[in-house]
Amino acid sequence: METIYLCIVIFLLCLAVFDLFVGVSNDAVNFLQSAVGARVAAFRTVLIIASVGVVLGAVLSSGMMDVARHGIMMPDRYSFHEVMTIYLAVMVTDVIVLDVFNTLGMPTSTTVSLVFELLGGTAMLAILKVMADPDLDYGMLLNSNKALQVIIAIFVSVAISFVVGMVVMWISRVVFTFNYKKHSRWGIAVFGGIAFTALSYFIFMKGIGKSPYLAENIRSYIDDNTNLLLLLTFVASTVVMEVLHLLKVNIFRFTVLMGTFALAMAFAGNDLVNFIGVPLAGLDSYQDYAANAHGAGIDGFMMSSLMESAKTPPFYLLIAGVVMIVAMATSKKAQNVIKTSVDLARQDEGDEMFGSSRAARAIVRFFQNVIESVVRLFPIGFRQWINGRFNTADVVLKDDKAAFDVVRAAVNLVIASMLITFGTNHKLPLSTTYVTFMVAMGTSLADRAWSRESAVFRVTGVLSVIGGWFITAGVAFLTCALVCLCMWYGGVAVQVAFIALVVFMLIRSNRQYKRKQEATKKEDDSFRLMMRTRDPELVWEMLRNHVRNTQSKVCRFALEQYNAVLDGFSMENVKTLRTSDRSLRKELDILKKYRRQEMLGLKRSPMEIAVERNTWFHVGANADQQYVYTLRRMLQPIKEHVDNNFNPVPAAYVSEYEPVRRRVNELMKMTCEAIETNRYEQYRSVLAEADMCKDNLSVIRKVHINRMQQSHSNKTMQVDMVYLNLLQETQQLLSVMRHQLRSAKKFMEE
């Protein structure tokens with residue numbers, strides 16, 4: 001039996017390494033996005049600074065490990081078998097929940113999932129133990145006060161992060177404006193001094209100052225003289241910042257790099273418990289059982305040792321820090337950090353991460369009315385002065401690829417690192433993802449990056465994050481409780497089955513991610529480059545390429561689905577028809593995204609061209625969507641007919657339609673090639689041939705209607721009606737093709 005639990009511990013440690021790699025790959029965006037978004041330094045430089053912070057934060061994070069040991073459960077009331085069951089259930093559930101949420105594209109958090117998985121697994125075993133022993137109560141088995149404190153801290157951090165980020169950013173922008181170089185002669189030194197003092201307090205005085213690696217007399221001196229040290233730090237750092245400013249050093253750039261170090265350190269100190277806390281607690285439990293059991297069974301040896309604070313060997317923490325650095329340096333997710341994170345709080349418009357919701361529209365409308373009412377209370381002169389401080393025409397960016405300026409980047413990093421470090425020092429595992437997200441959203445709101453055309457999407461994003469928090473919490477709690485219950489009654493066999501399931505899901509998830517990345521990377525990169533380009537003429541050229549790629553892909557897709565529908569109809573293959581139905585639904589969502597992207601590109605193009613080509617742009621975009629609508633109208637009656645096993649389509653109908661099918665294929669292939677190559681020499685002939693094909697379809701329709709009217713039996717009425725719909729929608733498909741070809745030619749003209 002001891003060998004089995006040794007294997008479980010080894011499995012937990014392997015999952016810890018995997019969690020470290022994947023978790024950092026996903027979450028590195030939290031501390032890299034501001035430095036990369038403002039382009040304050042080369043990516044390699046930013047990565048080196050962040051790596052130093054990660055290692056230091058990891059080595060100093062041992063205190064957070066107590067959350068996994070006795071932050072939720074009261075381990076002295078649980079046996080070795082019960083504790084290992086909870087830990088294995090937590091790690092298995094963590095992989096399952098994160099895989100499902102990533103597949104669905106829903107916002108989630110490693111911190112929230114860990115806390116509620118521990119709570120769910122512990123609560124389930126607590127229920128079983130109370131049912132078996134009436135003398136026990138839940139207060140003896142669950143550390144309810146600490147659990148509630150952790151839950152409230154995570155939730156409240158969302159609101160605090162947003163509000164603090166918004167207030168500090170508004171004050172900073174009023175002081176420095178978007179042309180910060182002109183207004184930073186004296187204020188920059190004070191800003192730098194405040195930032196350095198705040199970071200020093202939370203990181204050096206509260207973080208390193210509480211470290212067990214420091215001598216007791218040094219820790220006592222820091223505690224007794226904190227206010228004096230803060231004052232001296234502020235004065236000294238302000239003087240140094242002013243000197244550096246006079247020497248032409250960009251203080252905001254320095255602050256951003258310092259904040260990157262601080263936030264990386266705070267991330268490692270706070271989130272490391274999410275990745276290795278449970279496996280290391282499991283390892284400690286096994287070592288305690290192996291050394292002190294003395295014949296006591298797995299159900300009789302109680303885990304009182306977990307009530308003590310974690311004494312995690314520095315070697316383990318250092319190894320964890322090294323794995324995190326390797327993940328940042330080698331993971332494609334980390335290297336492509338600009339993809340979503342920088343766009344999260346960009347100064348200009350772009351492709352929004354979230355759509356529009358009714359709740360967001362109501363909130364935006366309400367606060368818009370409130371703000372307009374409040375603004376009227378202030379004198380006109382004061383309002384004009386404030387508006388002058390927020391003149392985005394004066395924005396100073398390092399280059400065209402920067403998403404926002406260094407002032408916002410500095411505020412993002414300083415506020416986020418302060419909040420996370422504060423939570424870490426109080427042993428509250430905050431969600432770094434949510435804190436950095438909400439700080440970025442708050443600063444972008446205060447910076448007036450939320451225009452009337454983007455505010456509803458940003459608010460939807462905020463609501464999605466908060467909603468994702470609740471969903472993650474509920475799903476993690478219930479899933480871990482059920483997994484723990486199955487493992488408790490199923491024993492070793494069920495535990496091994498869940499381990500096999502986790503291995504399978506990890507392999508499948510990795511393969512799916514690679515396929516998804518390969519499919520979307522090129523398109524997303526081209527759009528982000530178009531949004532970062534400031535030259536309208538260059539934007540127009542990029543937009544033309546983007547539109548041409550979209551229309552050619554849609555044309556190819558429509559041709560492929562057209563043939564799939566016909567094959568499914570003639571061969572009665574319901575699987576093919578269902579696949580086509582899913583593909584058409586998915587394509588409609590993709591087209592909506594492309595249309596918004598291209599609309600943003602059109603707004604950034606030269607005004608005279610945008611006005612002239614606007615009509616043809618919309619005709620083409622509508623044609624793209626009409627392809628999908630037409631094919632769905634064609635598909636639905638056919639799928640219903642085949643799915644219900646009605647009479648097959650007669651061979652005579654297939655033969656009658658085959659020449660039309662060949663002609664439609666030829667015309668659509670010619671259209672696709674014309675759009676792809678931007679060569680329209682056969683433009684007139686394709687349009688004429690399409691009209692002739694439509695006329696031929698009208699003749700076939702009349703023949704078929706006469707055939708239906710002259711029929712003496714209604715046995716084939718069902719399939720006759722489906723075939724008639726196919727003829728009608730084929731005509732519509734050709735009309736859509738003509739609109740797309742005509743709009744593409746007009747839009748692409750020099």
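Residues numbered from 1 in each chain as written. Predicted model: local features only at pLDDT ≥ 70, side-chain atom pairs only at ≥ 80, totals over all residues. Heavy atoms only, no water.

(A) Highlighting the packing of helix H3 (residues 43-59) against helix H12 (residues 251-292). It is the contact of H3 with H12, at a shortest axis distance of 7 Å, that shows an interaxial angle of 35°. In terms of crossing hand, the pair formed by H3 and H12 is right-handed. Where H3 approaches H12, its residues Val-46, Ile-49, Ala-50, Val-52, Gly-53, Val-54, Leu-56, Gly-57 and Ala-58 are matched on the opposing element by Leu-257, Thr-260, Phe-261, Ala-264, Met-265, Ala-268, Gly-269 and Leu-272. When grouped by side-chain class, the residues that make up the contact of H3 with H12 number 13 nonpolar, four polar and no charged. (Axes fitted to C-alpha atoms, helices over the stretch in contact; angles between N-to-C directions. Helix = DSSP H or I, 4+ residues; strand = E, 2+ residues; numbered from the N terminus. Left-handed = near helix turned anticlockwise from the far one by under 90°. Contact = heavy atoms within 4.5 Å. Nonpolar A, V, L, I, M, F, W, Y, C, P; charged D, E, K, R; others polar.)

(B) Broad picture of the environment of Ala-410. Inspection of the secondary structure assignment puts Ala-410 in helix H18 (residues 406-425). A sequence separation of 215 residues divides Ala-410 from Ala-195, and the C-alpha atoms of the two residues are 8.6 Å apart. Residues in contact with Ala-410, not counting those within four places in the same chain, are Phe-191, Phe-252, Thr-255 and Val-256.

(C) Representation of unusual backbone geometry in the model. The backbone of Lys-248 sits at a positive phi, close to 70°, despite the residue not being glycine. Structurally, Lys-248 is set in the loop between helix H11 (226-246) and H12. According to the relative accessible area criterion, Lys-248 is exposed, its value standing at 77%. Of note in the backbone geometry, Glu-572 takes a positive phi value of approximately 55° without being a glycine. (Buried < 20%, exposed > 50% of the residue type's maximum accessible area, 1.4 Å probe, protein only.)

(D) How the structure looks around the confidence of the model for the chain. When pLDDT is averaged across the chain, the result is 82; 86% of the residues are at 70 or more. Ignoring residues within four places in sequence, the model shows residues 337-341, a span with pLDDT below 50, making 15 contacts including any to other chains. (pLDDT = per-residue confidence, 0-100.)

(E) Up close: the pattern of salt bridges. Counted according to the given criterion, the structure contains 16 salt bridges. Where Glu-689 meets Arg-663, a salt bridge forms, and the shortest distance between an N and an O atom there is 2.4 Å. Highlighted residues: Glu-689 in helix H25 (residues 683-710) and Arg-663 in helix H24 (residues 651-677), separated in sequence by 26 residues. For Glu-689, a relative accessible area of 27% puts it in the partly exposed group. Here Asp-691 ties to Arg-738 by a salt bridge, and the two come within 3.2 Å at their closest N and O atoms. Taken as a pair, Asp-691 in helix H25 and Arg-738 in helix H26 (residues 717-748) lie far apart in primary sequence, 47 residues in all. Here Arg-738 falls in the partly exposed class, since its relative accessible area comes to 22%. The network of salt bridges with shared partners includes Arg-173, Arg-408 and Asp-447. (Salt bridge = Lys/Arg side-chain N within 4 Å of Asp/Glu carboxyl O.)

(F) Representation of the packing of helix H21 (residues 536-571) against H24 within the structure. Where H21 meets H24, the axes come as close as 9 Å, and the angle between the chain directions of the two elements is 165°. Our classification of the angle between H21 and H24 gives roughly antiparallel. Like other packed secondary-structure pairs, H21 and H24 cross with a definite hand, here left-handed. Where H21 abuts H24, its residues Arg-548, Gln-551, Ser-552, Cys-555, Arg-556, Ala-558, Leu-559, Tyr-562, Asn-563, Leu-566, Asp-567 and Ser-570 lie against Val-654, Tyr-657, Arg-661, Val-664, Asn-665, Met-668, Lys-669, Thr-671, Cys-672, Glu-673, Ile-675 and Glu-676. In terms of residue class, the contact of H21 with H24 is made up of 11 nonpolar, six polar and seven charged. (Parallel < 35°, antiparallel > 145°, perpendicular 65-115°, else oblique.)

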